[in-house]
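A structural walkthrough
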Amino acid sequence: MSSKQVNGLMKGAAILSATTLIVKILSAVYRIPFQNMVGDVGFYVFQQVYPIYGLAVTLALSGLPIFISRVVAEQSSSEAQIGTIKRLFRILLMGSIIIFGTLEIGAPGMANAMGDERLAPIIRITSWLFLLVPFLATSRGYYQGRLEMRPTANSQLVEQVVRVSLILIGAYVATSQNWSVYKMGSVVMLSAPLAGLAAALLLWKKFWPVMLNRTSPEIGIPTRQLLKRLLTEGIVLTLIAAMLVLFQLVDSFTIIRALQSHGLNREAAKSVKGIYDRAQPLVQLGMVFSVALSTALLPGLVSAIKGKRMVEFQRLSHLFQKLSFALSTTITVVMIAVLPEMNRFLFSDSKLNVTISFYLLNIWLASMILMRNSLLQSMNKNRITTISLIVGITVKLLLNSVAVGYFGILGASLVTNLGLVVVLFLMSLDLVAKFFNFSASGIRFLGKLLVSNLGMLVMIFLVKMVAHHLCGDVSFSRLQALGVLVLGVGLGSVTFGLVIYKSRLLTLKELMSIPYVSNWIKKRRN
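Residues numbered from 1 in each chain as written. Predicted model: local features only at pLDDT ≥ 70, side-chain atom pairs only at ≥ 80, totals over all residues. Heavy atoms only, no water.

1. Quick look at the pattern of salt bridges
- Scanning all chains against the criterion turns up 13 salt bridges.
- The partner of Arg 140 in a salt bridge is Glu 159, with the nearest N and O atoms 2.9 Å apart. Here the residue Arg 140 occupies a position in helix α5 (residues 133–145), and Glu 159 occupies one in helix α6 (residues 150–176), the gap between them amounting to 19 residues.
- In this structure Arg 140 comes out as buried when scored by relative accessible area, which is 0%.
- Between Glu 341 and Lys 464 there is a salt bridge; the shortest N-O distance is 3.2 Å. (Salt bridge = Lys/Arg side-chain N within 4 Å of Asp/Glu carboxyl O. Helix = DSSP H or I, 4+ residues; strand = E, 2+ residues; numbered from the N terminus. Buried < 20%, exposed > 50% of the residue type's maximum accessible area, 1.4 Å probe, protein only.)

Here it is in structure tokens:
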């Protein structure tokens, strides 16, 4: 590969990574004004069906395109790539039609299983997105396999902007017209297939000639082999990408009935579920940095493994684990520390702070799982990831109703954490490069991180104490809560930064191994 091609690939990868982060931020942020417009019950209606949409998006956006790009990249000729992509499209189209039909026919039964039969029309509207999965996944995977990242990046951005715009417009119209929350849910969920259609049209404007190419679909990987790989490699990639969505799906099917068995009537249960769902966009925002870190360091890990540079791999994997642990720990601690003010500012009240605080532990757990998956993926160890996720989700499914029936909505947060702990534990058993080796350097690192976080927490709580003293015993207004957030997080971050700088939490050599950070250091030196 020439230096020009390498530069083009790196630029394309950077564009795709940046777009993915923007999409994830948009996906988390829009739900805050949306909840403010439609209220807790309206948010419940949206979030009950959201995991079904989330699965479709995972298939179309990350899981299947990554798998397809690998298959395309393996082919030795353009004809083999086209023949393979045609066969994959036929397989996926058949699968998507089956899923669509199942959801259309089974929507009333699914809604009843969720404890709310009025969700059936919203499930049916969402099901239309699955028909677009073959068109989105194959075109994105084809271009990524040929090292063309711009089509995927552009389609991701168009899809998310269209969807978020339609959701917020729909919520505004529904509120101003006093529609029922279920009519509102149907209208805003229509944004999913419409946004998917917009992305598909953008992609297929260029991809259509590829599918019309007269290359025989018999050239390339045989159908049986493709199907086998799709059901193994494709499933692994999809499962890890959809991990939190699958846990949310279990909540959708179990919480309402379990809350009723706990003593709440149906309307009260809907409101409590809507408040509980506030935690999900907060977790998404908290994980943005972990996703960015994985995106930045994974190529280096894969390159080191392929080049059999095991010393470099060990060094990078150890750095990756240190950074993931430090970032996810600090972000989780900060968000829990300021949750009452964040809840007040974003959602106008501070309900279920304890429950949401426990749910925010998902940031640390999911970030650790993402880090370990990246390491296992770089070593081509996918089987352990699949087994771990299946066991963790099974734990959530078996215990969720019992825990909610006994502890109330807090039980759902606790069982989600337990399921993720199980996944993390099982994935760690097969990991070659472990962080917790209890060496002297590892213990020093943990000590420095602990002191840094304690310093940050002290500053945040000092700001909160002063604010409470000035405001008296009354609850903060949204504006006051914002002031506490800005001052607390700002001064806490400065304190944290000073402590890690003085304690040298990361060495200069480690900092120079981080993409973009190394460039910044070099510029500062020059």
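2. Here's the deal with the packing of helix α3 (residues 78–113) against α5
- Relative to each other, α3 and α5 sit at 155 degrees, their axes nearing to 9 Å. By the criterion of interaxial angle, the relationship of α3 to α5 is roughly antiparallel. Every pair of crossing elements has a handedness; the one defined by α3 and α5 is right-handed. Counted together, Gln 81, Ile 82, Ile 85, Leu 88, Phe 89, Leu 92, Leu 93 and Ser 96 of α3 and Pro 134, Phe 135, Ala 137, Thr 138 and Tyr 142 of α5 form the full contact between these two elements.
- Within the contact of α3 with α5, the residues separate by chemical class into ten nonpolar, three polar and no charged. (Axes fitted to C-alpha atoms, helices over the stretch in contact; angles between N-to-C directions. Parallel < 35°, antiparallel > 145°, perpendicular 65-115°, else oblique. Left-handed = near helix turned anticlockwise from the far one by under 90°. Contact = heavy atoms within 4.5 Å. Nonpolar A, V, L, I, M, F, W, Y, C, P; charged D, E, K, R; others polar.)

3. Here we look at the confidence of the model for the protein chain
- In this model, the protein chain carries a mean pLDDT of 84, and residues with pLDDT of at least 70 account for 84%.
- Confidence drops under a pLDDT of 50 for residues 1–6, and excluding neighbours within four residues, the segment shows three contacts in the predicted structure.
- Here residues 432–436 is a poorly scored stretch, pLDDT under 50, and it has 18 contacts once near neighbours within four places are set aside; other chains count. (pLDDT = per-residue confidence, 0-100.)

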